[in-house]
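Now for the letters of each chain:
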2 protein chains.
Amino acid sequence: MLKVPDDQVAGHKAIGGKLGPLADDSGQFYKPLQSDERGSHEVSFYSSLSSNSKIPEHISRFFPKFYGTQLIEASDGSGRQPHLVLQDLNFCRVNPSVMDIKIGSRTWPPEASEEYIKKCLKKDREYSSLALGFRLTGLQIFGSRDLGFWKPENKSWVQSLSSDEVKLLLKKFVSNNASGPLDQKPDCAFASIVYGGSTGILSQLLELKAWFEDQTTYHFYSGSILMMFEKELISNGKGPRPEIRLIDFAHVIEGKGVIDHNFLGGLCSLIKFISEILTTPEDCATDGLLDDHVQRNHIYYENGST
Amino acid sequence: MLKVPDDQVAGHKAIGGKLGPLADDSGQFYKPLQSDERGSHEVSFYSSLSSNSKIPEHISRFFPKFYGTQLIEASDGSGRQPHLVLQDLNFCRVNPSVMDIKIGSRTWPPEASEEYIKKCLKKDREYSSLALGFRLTGLQIFGSRDLGFWKPENKSWVQSLSSDEVKLLLKKFVSNNASGPLDQKPDCAFASIVYGGSTGILSQLLELKAWFEDQTTYHFYSGSILMMFEKELISNGKGPRPEIRLIDFAHVIEGKGVIDHNFLGGLCSLIKFISEILTTPEDCATDGLLDDHVQRNHIYYENGST
């Protein structure tokens, strides 16, 4: 039985008769192939990745597993349509906190059409991409089974955060009081076990960075890093399984012997934000109230799985 | 007595009644203040740099020394005009080989005017900036006192090189046969002593990279890295004094707590090119003939200082 994925935080959703990804109960994720060349691009990328023996295992684990393409009933009622069959990244997770971050100050490849460049450049400037080298595109932070998730409601607000606001949300993401009132300072209670440590998110981002400093095969325009962990495991005395994944490859092009300096620059910027949270824990206690821009924007809660 | 600097490889030259930088015989370099806000921007940057105690000494050595501003007779005959007074970077060098590389895939700051962005974006796309994360803007390679310097004549050709052509020129830069026929393979004879080693150019670029991964004070749009060394010292059994310097700060803006991901990405790309020359020395012996694009473009020689 196919259903709307529980933990999708960005992109088009398969609700209200719209086209979007679906998931089954065996851990597979079905992403509709975009009808223009973006669909075939993404299939080509996954195929190339599967057959690329140069990617070391500690890097290939950052990509979702790929099981080919399949015709399935599309969520918009348009009948059987081709879908990418991928690993459902949150299949084995209970109430994961998830953040989707589109990496790169530029989301368009050099060979794109004038019209496409104009459209993307406008967004990159309006949103935080140009300023920060990345932009948040969606997130959910698990509070508790009673409180459910904290999710920003306004998509374009999330994408156009200032540097200080991004820092705040990255702190909130690893805080125990994320579901509290908006003007409460994030306590960063889980920063060291989610971001820090030898298997934490920072460590994984640094592995990815080392690969991007060297690999000249792919340039990832408009791709995202997904960061995930499970707060509930902490209460059970276990590690929160922090993990990153790379997703969204409709605009991957050949590197032609040059590193992906656009993705790498943005990745280094994200790394700096997260490093600062770890190196200045005192900031979590001394932060002031959230500013008006944050307070004006509504959030909603939805119950977590029980 | 002021004169046109000998080893200027890029930018406007003070010849033929045009406005350009001048040098004296005591090691000072006089750069005319651009009349619009770029001039005042560059003065502000140098002043800020001088008073910034956060910049470690191993990084501040990469910037030219700044001695304030001074009214001097401009080279275009327009009378006494304000000039930045800087260290003449090649004052103590004899026949230096010099390469000027504009770093960053984007040469315009986010706050620039629409008109300026349009103009820069067009250049960034036509030249190699967008593809490589940097572009060569000028170079001279010393051959011998008889042969003089190898200098590409065509400025826009140098700026629009492909990835393979840039790799070739970076090899030619450290080759003993750089003044030979254009279809001769570069021998990379000096690669290990100019690019390699603990005081070589790669090592300096890596120090700069580490600083750019951390510093959030300045964003350097349209700034250049100058790479220099002296081939003649090698024949005299000495080290070639390889050095890098950062120059051109008319478009430096405040970092506002974010790293300069645009400069850093381009710098990492340049580092990758130079690393590859060091790690694959066999490519210097096995390269084929230079391609048509290189051969079609004229070069000229001028005699070196004796």
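See above for the structure.
Below you will find a few notes about this structure. (Residues numbered from 1 in each chain as written. Chains lettered and ligands numbered in written order. Predicted model: local features only at pLDDT ≥ 70, side-chain atom pairs only at ≥ 80, totals over all residues. Heavy atoms only, no water.)

## Section: the side chain of Ser269(A)
- When you line up the elements, Ser269(A) lands in helix H10 (residues 261–279).
- Sequence-distant contacts of Ser269(A), that is, excluding residues within four places in its chain, are made with Leu132(A), Phe134(A), Val258(B), Ile259(B) and His261(B). (Helix = DSSP H or I, 4+ residues; strand = E, 2+ residues; numbered from the N terminus. Contact = heavy atoms within 4.5 Å.)

## Some thoughts on unusual backbone geometry
Residues and elements named next belong to chain B.
- The backbone phi angle of Asn95 is positive, close to 45°, even though this residue is not glycine.
- Backbone geometry places Ser222, a non-glycine residue, at a positive phi of 65°.
- Following the sequence through the fold, Ser222 ends up in the loop between strand S8 (218–220) and strand S9 (224–229).
- Given a relative accessible area of 12%, Ser222 falls into the buried group. (Buried < 20%, exposed > 50% of the residue type's maximum accessible area, 1.4 Å probe, protein only.)

## Regarding the interface of chain A and chain B
- Contact with chain A, which involves 33 residues of that partner, is made by 33 residues of chain B.
- For the pair chain A and chain B, the summed buried surface comes to about 2300 Å²; carbon and sulfur atoms form 57% of the total.
- Inspection of the region where chain A meets chain B yields six salt bridges.
- Residues Arg125(A) and Glu114(B) are paired through a salt bridge, measuring 3.0 Å at the closest nitrogen-oxygen approach.
- At the junction of chain A and chain B, the tally comes to 12 residue pairs in polar contact (both at pLDDT 80 or more).
- The element that contributes the greatest number of residues to the side of chain A that touches chain B is H10(A), accounting for eight residues.
- A class-by-class count of the residues in the side of chain A that touches chain B yields 13 nonpolar, 11 polar and nine charged. (Buried area = accessible area lost by both parts, 1.4 Å probe. Salt bridge = Lys/Arg side-chain N within 4 Å of Asp/Glu carboxyl O. Polar contact = N/O pair within 3.5 Å; in protein donor to acceptor, adjacent residues only side chain to side chain. Nonpolar A, V, L, I, M, F, W, Y, C, P; charged D, E, K, R; others polar.)

## What to know about the sheet that holds strand S2 (residues 28–32) of chain A
Residues and elements named next belong to chain A.
- Strand order in this open sheet of four strands is S1-S2-S4-S3, and the pairing throughout is antiparallel. Looking along the sheet, the strands with just one partner apiece sit at the ends: strand S1 (22–23) and strand S3 (66–73).
- Relative to strand S4 (residues 80–87), S2 is paired through five bridges, and the arrangement is antiparallel. For Tyr30, the partnering residue across the bridge sits in S4 and is Val85. (Pairing = 2+ DSSP bridges.)

## So, the packing of aromatic side chains
- Counting across every chain of the model gives 40 aromatic pairs over all chains.
- Their ring planes at 80° and their centres at 6.2 Å tell us that Phe63(A) and Trp211(A) sit as a pair that is edge-to-face. Separated by 148 residues along the polypeptide, Phe63(A) in the loop between helix H2 (57–60) and S3 and Trp211(A) in helix H8 (residues 201–212) bring together distant segments of the chain.
- We classify Phe63(A) as buried; its relative accessible area is 4%.
- For Trp211(A), a relative accessible area of 10% puts it in the buried group.
- With a centroid separation of 5.1 Å and an interplanar angle of 20°, the aromatic rings of Tyr46(B) and Phe66(B) are classed as stacked. Note that Tyr46(B) is positioned in helix H1 (residues 37–51) and Phe66(B) in strand S3 (residues 66–73), a separation of 20 residues in sequence.
- For Tyr46(B), a relative accessible area of 1% puts it in the buried group.
- The exposure class assigned to Phe66(B) is partly exposed, which follows from its relative accessible area of 22%. (Phe/Tyr/Trp six-rings, centres within 6.5 Å; stacked < 30°, edge-to-face > 60°.)

## So, the packing of H8(A) against H10(A)
Residues and elements named next belong to chain A.
- Where H8 meets H10, the closest approach of the two axes is 10 Å, and the angle between their N-to-C directions is 155°. Relative to H10, H8 is oriented roughly antiparallel. Helix-helix and strand crossings are classified by hand; for H8 and H10 the assignment is left-handed. Residue-level inspection shows Ile201, Leu202, Leu205, Leu206, Leu208, Lys209 and Phe212 of H8 in contact with H10, the latter providing Phe263, Leu264, Leu267, Cys268, Leu270, Ile271, Ile274, Ser275 and Leu278.
- Across the contact of H8 with H10, the residue classes break down as 14 nonpolar, one polar and one charged. (Axes fitted to C-alpha atoms, helices over the stretch in contact; angles between N-to-C directions. Parallel < 35°, antiparallel > 145°, perpendicular 65-115°, else oblique. Left-handed = near helix turned anticlockwise from the far one by under 90°.)

## Focus on the environment of Tyr67(A)
Residues and elements named next belong to chain A.
- Among the secondary structure elements, Tyr67 is positioned in strand S3.
- Assessed through its relative accessible area of 42%, Tyr67 is described here as partly exposed.
- Sequence separation between Tyr67 and Ser47 is 20 residues, and the spatial gap between their C-alpha atoms is 9.5 Å.
- Those residues within four positions of Tyr67 in sequence are excluded, and the remaining contacts are Gln28, Val85, Leu86 and Gln87.

## Some words on the nonpolar core
- Core analysis: the biggest nonpolar cluster contains 122 residues, and Tyr195(A), Met227(A), Tyr195(B) and Met227(B) have the highest contact counts within it.
- Excluding residues that lie within four positions of it along the chain, Tyr195(A) makes contacts with Leu170(A), Phe173(A), Val174(A), Phe190(A), Gly200(A), Ile201(A), Leu202(A), Ser203(A), Met227(A), Ile274(A), Ile277(A) and Leu278(A).
- Ranked by size, the runner-up nonpolar core spans 14 residues in total, among them Trp108(B), Tyr116(B), Ile117(B) and Cys120(B). (Core = buried A, V, L, I, M, F, W, Y, C linked by side-chain atoms within 4.5 Å.)

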